Amino acid sequence: MRYPERIVCLTEETTETLYLLGQGDRVVGVSGYTVRPPEARHKPKVSAFINAKFDKIVGLGPDLVLAFSDLQADLVAELVRRGLNVVVFNQRSVADILQMIRMLGGLVGCQNAAEQLAADLGADLDRIRQSASRFPRRLRVFFEEWDDPLISGIRWVEELVAIAGGEPIFPELASAALAKDRIVDAAEVARRDPEVIFASWCGKKMRKATIVSRPGWDQVRAVRDDRIFEIKSTYILQPGPASLTEGVRQLHAILARETDSPSRRE
């Protein structure tokens with residue numbers, strides 16, 4: 001056996017990548033949050049994000065477990081103690097995501113297919129970037145990753161907002177890897193006056209009433225003009241193919257419409 005044949009994915013982006021590489025049959029266990037592709041949901045569910053069913057994972061006999069970031073470090077340590085091969089990715093930017101795809105392809109013996117997938121995804125982003133360059137102007141955007149405390153978008157999200165044609169209002173926080181380092185003050189958000197608010201409250205539905213009722217936010221342009229939009233977390237907070245395809249396309253479509261809306265031009 002030259003390459004892993006029984007793979008457990010503790011987050012959904014590696015699952016989707018393996019399916020896009022034509023290797024879905026090697027996936028024997030997935031995260032309970034897995035949405036893409038739909039057929040992967042039929043695989044045994046072995047983990048949430050920060051907890052896992054260790055005995056179930058071991059019972060599946062994986063020859064490779066794929067994990068993500070420091071947030072899963074405790075899971076990884078336990079799986080290593082149980083004698084499993086574990087690879088942890090820590091992609092935080094668009095470039096990192098493309099690198100993860102190439103690295104994963106190498107791990108499973110599909111390097112050429114992974115190179116092509118990464119190249120295709122990069123080309124799609126270039127097309128969106130080119131389309132956004134024709135916008136008459138770039139709207140100020142606040143991406144709200146969590147509501148309490150208020151957390152701004154992680155790096156790949158802010159990069160995708162920019163690619164899609166928006167201007168993130170907290171560019172200085174984009175490189176902060178940890179959520180606690182991206183906590184922002186509601187009054188400062190209001191002061192920076194975003195024209196569009198995207199909300200993706202990791203794992204729970206956005207409530208517009210929560211956003212519009214914040215003190216002082218009635219004068220925020222995005223609230224005043226009713227430019228508050230939810231992007232489901234599975235499409236944008238997954239650092240993999242979903243965010244580079246469906247996620248950025250949704251951002252771009254909304255920004256194109258709102259930028260071009262005659263009633264909302266300054």
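Please read all numbers here as calculations on a predicted model, not as lab measurements. (Residues numbered from 1 in each chain as written. Predicted model: local features only at pLDDT ≥ 70, side-chain atom pairs only at ≥ 80, totals over all residues. Heavy atoms only, no water.)

Focus: unusual backbone geometry
Then step 1. A cis amide bond, omega -15 degrees, links arginine 36 with the succeeding residue proline 37.
Then step 2. Here proline 37 is to be found in the loop between β2 (27–31) and β3 (45–47).
Then step 3. Between aspartate 148 and proline 149 the backbone carries a cis peptide bond, its omega angle lying at 0 degrees.
Then step 4. The residue proline 149 is located in the loop between β6 (139–147) and β7 (150–152) in this model.
Then step 5. Look at serine 69: it is not a glycine, yet its phi comes out positive at around 70 degrees.
Then step 6. On the basis of relative accessibility, which here comes to 3%, the residue serine 69 falls in the buried class.
Then step 7. For aspartate 193, which is not a glycine, the phi torsion comes out positive at approximately 50 degrees. (Helix = DSSP H or I, 4+ residues; strand = E, 2+ residues; numbered from the N terminus. Buried < 20%, exposed > 50% of the residue type's maximum accessible area, 1.4 Å probe, protein only.)

Considerations on the layout of surface pockets
Then step 1. Counted as a void, the largest pocket has a volume near 830 Å³.
Then step 2. Lining the largest pocket we find 29 residues, and of these Phe49, Leu71, Glu145, Cys202 and Leu237 sit closest to its centre.
Then step 3. Going through the elements one at a time, α1 (12–20), β6 and α10 (233–236) are the ones with two or more residues in the lining of the largest pocket.
Then step 4. Looking at the lining of the largest pocket residue by residue, the class counts come to 17 nonpolar, 6 polar and 6 charged. (1 Å grid on protein atoms, 1.4 Å probe; cavity = no way out; pocket = protein on both sides within 12 Å on 5 of 7 lines; lining within 4 Å. Points joined across faces, edges and corners; volume = space filled by probe spheres on them. Nonpolar A, V, L, I, M, F, W, Y, C, P; charged D, E, K, R; others polar.)

Brief notes about the packing of aromatic side chains
Then step 1. Summed over all chains, the structure comprises 4 aromatic pairs.
Then step 2. Relative to phenylalanine 170, the ring of phenylalanine 142 has its centre 5.9 Å away and its plane inclined at 70 degrees; by these criteria the two rings are edge-to-face. Separated by 28 residues along the polypeptide, phenylalanine 142 in strand β6 and phenylalanine 170 in the loop between β8 (166–168) and α7 (186–192) bring together distant segments of the chain. This pair shows no difference in class: phenylalanine 142 is buried, exactly as phenylalanine 170 is.
Then step 3. Between phenylalanine 198 and phenylalanine 229, the aromatic rings sit 6.2 Å apart at their centres with planes inclined by 40 degrees, giving tilted as the arrangement. (Phe/Tyr/Trp six-rings, centres within 6.5 Å; stacked < 30°, edge-to-face > 60°.)

As for the sheet that holds strand β4 (residues 64–68)
Backbone-to-backbone hydrogen bonds join strands into a sheet, with any given pair of strands oriented parallel or antiparallel.
Then step 1. Read from one edge to the other, the open sheet built from 5 strands follows the order β3-β2-β1-β4-β5, with strand pairing classed as parallel. One side of each edge strand has no neighbouring strand; the edge strands of this open sheet are β3 and β5 (86–89). Shown here is a sheet whose adjacent strand axes are inclined to one another by a mean of 25 degrees, direction ignored.
Then step 2. Of the strand pairs in this sheet, strand β1 (residues 7–9) and β2 are connected by 2 bridges, and their pairing is parallel. Bridge pairing in β2 links valine 8 to glycine 29.
Then step 3. In the packing of α1 onto the sheet, contacts are made with β1, β2, β4 and β5, and the angle to β1 comes to roughly 135 degrees.
Then step 4. On the sheet, helix α4 (residues 94–107) packs against β4 and β5 and is oriented at approximately 165 degrees with respect to β5. (Pairing = 2+ DSSP bridges. Axes fitted to C-alpha atoms, helices over the stretch in contact; angles between N-to-C directions. Contact = heavy atoms within 4.5 Å.)

What to know about the pairing of β6
Then step 1. By the criterion of burial, β6 is predominantly enclosed, with 7 of the 9 residues buried.
Then step 2. Strand direction decides the pairing type here: β6 and β8, joined by 3 bridges, are parallel. Its bridge partner being in β8, arginine 140 is matched across the sheet by glutamate 167.
Then step 3. Bridging between β6 and β7 involves 3 bridges; their strand directions are antiparallel. Opposite glutamate 144, over in β7, you have serine 152 as the bridge partner.

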